[in-house]
Amino acid sequence: MTGFSPARENSSDEARSRFAKLRATEFGYLDQLGHVYLDHTGAGLPARRQLDAHVERISGDCYGNPHSENPTSLASSLLVEQTRTAVLEHFNADPAEYAVVFTPNATGACRLVGEAFPFHKRSRLVLPLDNHNSVNGLREYARARGARTVHVPFSRADLRIGDDAIRQALAGGRTRRPGAGSGISGLLAYPAQSNFTGVQHPLAWIAMAQELGYQVLLDAAAFVPANRLDLAAVHPDYVTVSWYKVFGYPTGLGCLIARRAALAKLHRPWFSGGTIHVVSAQGDWHKMADDETAFEDGTLNFLSIPDIAVGLRWIAEVGLDAIREHVADLTDHLLTGAAALRHGNGRPLVRLYGPTGVDRRGGTVALNVLDPDGEIVDERAVSRDSAARGISLRTGCFCNPGAGEAAFSISRRLLAGAIRRTTGTIDDYLRQLGLPSGGAVRVSFGLSSSPGDVDSFLSFVTETYRDRPRPDDGLTPRERC
């Protein structure tokens, strides 16, 4: 018994056949060039039709700097505004409630919020430990304005964070009297999906925080490539996105999707070309634009922004729900296969971090390879050996030190001692912590992934490390985290 009805099985077979055809037609360059691409959380891959559409557009007309009324400028402006509309439609966001600010990436979107957020001495920045460094970095803005940063620890062995822990952290920062400071308790910033473990954190935290007077920054960079974010159902104040993670092209473009009421509370520490209505040099005076363009510094990437709309049409054609199911099937295949790998002595060949099933998790899997004695194989060896097999994956802490520290059971006391003694290099820091490895191995899936990619990775691990001692020769120094 499989637990599936014949109709469901037929539907799954049809979906696999459809994605196999997409792999051959739109992503055929992978198999033609012998690539096994397992780094979709790092970056998605472009379909051939996306690249063709870009060439057709820029070779078929003339586009200029949008900040003018001439014909080429107006042509660019029209496409930029159409793309804003396409983004809002993709997230089912009411244009009266939300605005789209184009940024270089999700990191740039976080910076816009951090530098302009009204932190004050009575406010809090609440950060679950499962955050990307681009979100962790908000603490420097909070610290500079006297706000307190509160870290919320992991609650479970599968590296999830409990609702009670979030509620407790938020409740401690309620504004005690109306009008204190900015009237905002602070900012909760967290990922809809962990870029380390694939854990999908509850979107219900958004309303919980807002009821306590907080604004909410939702890091959606790892979530939206294969999941639906409905901004008519949940209402975060700020959403950060990197488009290259969703559909591979264009790079260098992201979005801050923000509630207009929240944007009105941000106060930028500077102005630039493109962000103001009027300015005087001698009069030492300026007036910012009164819409989202006040946050778009300089000239937009007007030749590539329309490619976002192309990518969104492509995702809609494939079907976001179909992509989610496709990624979940591949993730389940990897989790089941990796858990079954054993050395000849019966010990596990792989250690998985985070959930072992696909419930409330995405297509990002963190793991370590183990030697026959149960010791971790240095992730640099896995990186080197997988590259030699034509496999693209990622190793390290993935700019998420909180999840890495929890995965390796590093206590705050141990961290404090290591920080005092380290010279500042990653390798010395790890020596002070007594860790045999600098991080984990991350495998992640997306639209272009196939069951063959999973099988290739499992075969690589088995053939390279089963019943063999840890390789430690020829390892280069670790790169920055």
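To be clear, the structure that these remarks concern was listed above.
Worth saying up front: this structure is predicted, and the values here are computed from it rather than measured.

1. Some thoughts on the side chain of Arg23
Alright, step 1. Summarising the element assignment, Arg23 is placed in helix α1 (residues 6-26).
Alright, step 2. Polar contacts involving the side chain of Arg23 include one to the side chain of Ser450, which spans 3.5 Å.
Alright, step 3. Beyond its immediate chain neighbours, meaning those up to four positions away, Arg23 contacts Gly28, Leu30, Asp31, His35, Ser448, Ser449, Ser450 and Asp453.

2. Some remarks on the environment of Asp378
Alright, step 1. Topologically, Asp378 is positioned in the loop between β12 (364-369) and α14 (379-388).
Alright, step 2. Looking at Asp378, the relative accessible area reads 10%, which means it is buried.
Alright, step 3. Along the backbone, Asp378 and Asn368 are ten residues apart, and their C-alpha atoms lie at a distance of 8.4 Å.

3. A word on the sheet that holds strand β15 (residues 440-444)
Alright, step 1. The strand order across the open sheet formed by four strands is β11-β12-β15-β14, and the pairing between neighbours is antiparallel. Two strands close off the open sheet at either side, each with one partner strand: β11 (350-353) and β14 (394-396). Taking each pair of neighbouring strands and ignoring which way they run, the sheet shows an average axis angle of 35 degrees.
Alright, step 2. In this sheet, β15 lies alongside β14 in antiparallel orientation, the contact comprising three bridges. In the sheet register, Thr395 faces β15, and the bridge partner there is Val441.
Alright, step 3. Packing against the sheet, helix α13 (residues 320-340) makes contact with β11, β12 and β15, and its axis sits at approximately 135 degrees to β11.
Alright, step 4. Those strands touched by α14 are β12, β14 and β15, and its axis lies near 165 degrees from that of β14.

4. A look at the pairing of strand β2 (residues 98-103)
Alright, step 1. Of all the six residues making up β2, six are buried; the element is thus mostly covered by neighbouring parts of the structure.
Alright, step 2. Every second residue of β2 is oriented toward a common face, with Tyr98, Val100 and Phe102 on one face and Ala99, Val101 and Thr103 on the other, all of them buried.
Alright, step 3. One ladder, built from six bridges, connects β2 with strand β8 (residues 254-259); its direction is antiparallel. Across the sheet, residue Ala99 finds its bridge partner in β8, namely Ala258.

5. Digging into the sheet that holds strand β6 (residues 214-219)
Alright, step 1. Strand order in this open sheet of seven strands is β2-β8-β7-β6-β5-β3-β4, and the pairing throughout is mixed. At either margin of the open sheet sits one strand with a lone partner, and together these are β2 and β4 (148-152). When strand polarity is set aside, the average angle formed by the axes of neighbouring strands in this sheet is 20 degrees.
Alright, step 2. Sheet analysis places strand β7 (residues 238-242) next to β8, joined by five bridges and oriented antiparallel. Its bridge partner being in β8, Val239 is matched across the sheet by Ile257.
Alright, step 3. Each of β2 and β8 is contacted by helix α4 (residues 71-90), which is oriented at about 120 degrees to β2, the strand it contacts most.
Alright, step 4. Lying on the sheet, helix α5 (residues 106-116) is in contact with β2, β5 (186-191), β6, β7 and β8; it crosses β7 at an angle near 155 degrees.

6. Some words on the packing of α14 against helix α18 (residues 451-465)
Alright, step 1. Across the interface, α14 lies against α18 with an axial gap of 11 Å and an inter-helix angle of 110 degrees. Accordingly, the angle class assigned to the pair α14 and α18 is roughly perpendicular. Here α14 and α18 pass one another in a crossing that is right-handed. For the pair α14 and α18, contact is made by Ala381, Val382, Asp385 and Ser386 and by Phe460, Thr464 and Tyr465, respectively.
Alright, step 2. For the contact of α14 with α18, the residue count by class is four nonpolar, two polar and one charged.

Cut-offs applied
Residues numbered from 1 in each chain as written. Predicted model: local features only at pLDDT ≥ 70, side-chain atom pairs only at ≥ 80, totals over all residues. Heavy atoms only, no water. Helix = DSSP H or I, 4+ residues; strand = E, 2+ residues; numbered from the N terminus. Polar contact = N/O pair within 3.5 Å; in protein donor to acceptor, adjacent residues only side chain to side chain. Contact = heavy atoms within 4.5 Å. Buried < 20%, exposed > 50% of the residue type's maximum accessible area, 1.4 Å probe, protein only. Pairing = 2+ DSSP bridges. Axes fitted to C-alpha atoms, helices over the stretch in contact; angles between N-to-C directions. Parallel < 35°, antiparallel > 145°, perpendicular 65-115°, else oblique. Left-handed = near helix turned anticlockwise from the far one by under 90°. Nonpolar A, V, L, I, M, F, W, Y, C, P; charged D, E, K, R; others polar.

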